[in-house]
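Descriptive analysis of the structure
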Amino acid sequence: MAKQDFYETLGVAKSANSDELKRAYRKLAMQYHPDRNSGDKGAEQKFKDINEAYDILKDDQKRAAYDRFGHAAFEQGGGPGAGGFGFGAGGFADIFEEMFGEVMGGRRGQGGPSRGNDLRYNLEVSLEEAFRGKQTTIRVPTLIACEQCKGSGAEAGSKPITCPRCHGRGKLRMQQGFFTLEQTCAGCQGAGRVIDNPCKACGGQGRTRREKTLSVNIPAGVEDGIRMRLAGEGEVGVRGAAAGDLFVFISVTPHRIFQRDGAHIHCRVPLPMTTAALGGTIEVPIVDGGRNLSKRQQELLREFEKEGENRRTHPESEGFFARVKEFFEDLRE
C-alpha cells in the first residue's frame, strides 16, 4: 500500500513554513495520541504516520530531500519513524517541551551557566538607629569575578570553545517512552562552553573568594526581623553567569529603657506614691535623641532623681534612674 504524501498527512500545503508545520502537527498529535485513543489501532497508526511526516518536514535538509525524491529518499533504512513507536529527536517531545518546558527547567536552546548563590548577612542595629535610620558599611565574604581572566575562566590568550557533549546547548536530552527530559550538561555545567586552558588564578571558574565592602541604607522605622534585598550583590556565577542577591536581615537590639511594640514605643516610668496620688509633672527621655535638655530641665531631672531616692516607694526606681542617667550621658557623647 502506497504511503500517503507527508504534506497530506499533516494537512498542510507544500509551501507551509515551520510554524504552520508545528501547529498542524500539534493539533493532530493531541487528537490521535494513544493515551486519548486507548485500543484504537487506527489512531495508533495515524499517530505514527504524523510523527514520521513531521520528523521529516521539520528538518530543512530532510525536507529538501523529500521534496526532490519523495519517500524513496528514506526507504533505505526505513526512515526515521519506521519499525517502531519512537519519536526520534523531535515529534511529540517537541510538543511536550513546548507545553511544559518552563516548568521542567526551561525550553530548548535556553541553556547557560547557573546564576550565583544568594547570600545572607545578619545586621544588628540599636533602637535609636532603627528610629532615625542609618547609613552603614558592611563587609561580606563572597565570590567575585576573577580579576586576571575578567570572569571568563580562560587563561590570557585563549578562549572557551563549544562543549562537545551538548554542542553548546548547555543541556542534555534523555528520552523515556513518551517523555523527553532535560538536565544540565555535566561537561560544561550548563555554560555550553568548555575551557581547554583554564585560568591559573581561579582554576577556570571565573571567580575568586574575596571580602566585599558594601554601603547599606537602613530606612527609618525599620522593624526587627525585616529582610532587605540587595540585587546582584550575592555570589558571582561560574564563568560570567549572573550574580545572586544579598539579603540583609535586620535585628534590633533590646533597649535599656524603651520597649517597642510595632510602630509604638513604651517606657515604664516608676512614680512615687505621692505623685501618683496628687498628680505632678515628670521628665522622661525620648528615643530620637533630638531633645536637647535646657539647664532648667536638667535641674528638674536631677530633682526628680533625688526625689525618687528619698522616697523609694517603687522597687524599680533605683534601676530606672540609673538607666536614664546612662541614656542621657550617651546622648551628650
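This section reports on the structure supplied with the text. (Residues numbered from 1 in each chain as written. Predicted model: local features only at pLDDT ≥ 70, side-chain atom pairs only at ≥ 80, totals over all residues. Heavy atoms only, no water.)

So, on to helix α2 (residues 18-32). Taking 1.5 Å as the rise per residue, α2 with 15 residues should run 21 Å; its terminal C-alpha atoms sit 21 Å apart, in good agreement. Among the residues of α2, Leu21, Ala24, Tyr25, Leu28, Ala29 and Met30 are the ones counted as buried. The opening residue of α2, the one whose side-chain oxygen lies 3.2 Å from the backbone nitrogen of Asp19, is Asn17. (Helix = DSSP H or I, 4+ residues; strand = E, 2+ residues; numbered from the N terminus. Expected span 1.5 Å × (residues − 1). Buried < 20%, exposed > 50% of the residue type's maximum accessible area, 1.4 Å probe, protein only. Polar contact = N/O pair within 3.5 Å; in protein donor to acceptor, adjacent residues only side chain to side chain.)

Turning next to the sheet that holds strand β1 (residues 119-125). Spatial strand order, β1-β9-β8: 3 strands in an open sheet with mixed pairing. Unpaired on one side and paired on the other, β1 and β8 (227-230) mark the two borders of the sheet. Here the average twist between neighbouring strands, direction ignored, is 25 degrees. Inspection of the sheet shows β8 paired to strand β9 (residues 246-252) by 4 bridges, in the antiparallel sense. Directly across from Arg229, in β9, lies its bridge partner Phe247. (Pairing = 2+ DSSP bridges. Axes fitted to C-alpha atoms, helices over the stretch in contact; angles between N-to-C directions.)

Evaluated as defined, the whole model comprises 2 cavities of 30 Å³ or more. One number sums up the size of the second largest cavity: a volume of about 30 Å³. Residue composition of the lining of the second largest cavity, grouped by class: 2 nonpolar, 1 polar and 2 charged. (1 Å grid on protein atoms, 1.4 Å probe; cavity = no way out; pocket = protein on both sides within 12 Å on 5 of 7 lines; lining within 4 Å. Points joined across faces, edges and corners; volume = space filled by probe spheres on them. Nonpolar A, V, L, I, M, F, W, Y, C, P; charged D, E, K, R; others polar.)

What follows is about the packing of aromatic side chains. Aromatic ring pairs are described here by two measures, namely the spacing of the ring centres and the angle between the planes. The tally for this structure, following the rule as stated, stands at 3 aromatic pairs. Measuring from centroid to centroid gives 4.4 Å for Tyr25 and Tyr54, while their planes differ by 10 degrees, and the two rings are stacked. Of this pair, Tyr25 sits in helix α2 while Tyr54 sits in helix α3 (residues 41-57), and the two are 29 residues apart along the sequence. Comparing Tyr25 with Tyr54, the two get one shared label, buried. (Phe/Tyr/Trp six-rings, centres within 6.5 Å; stacked < 30°, edge-to-face > 60°.)

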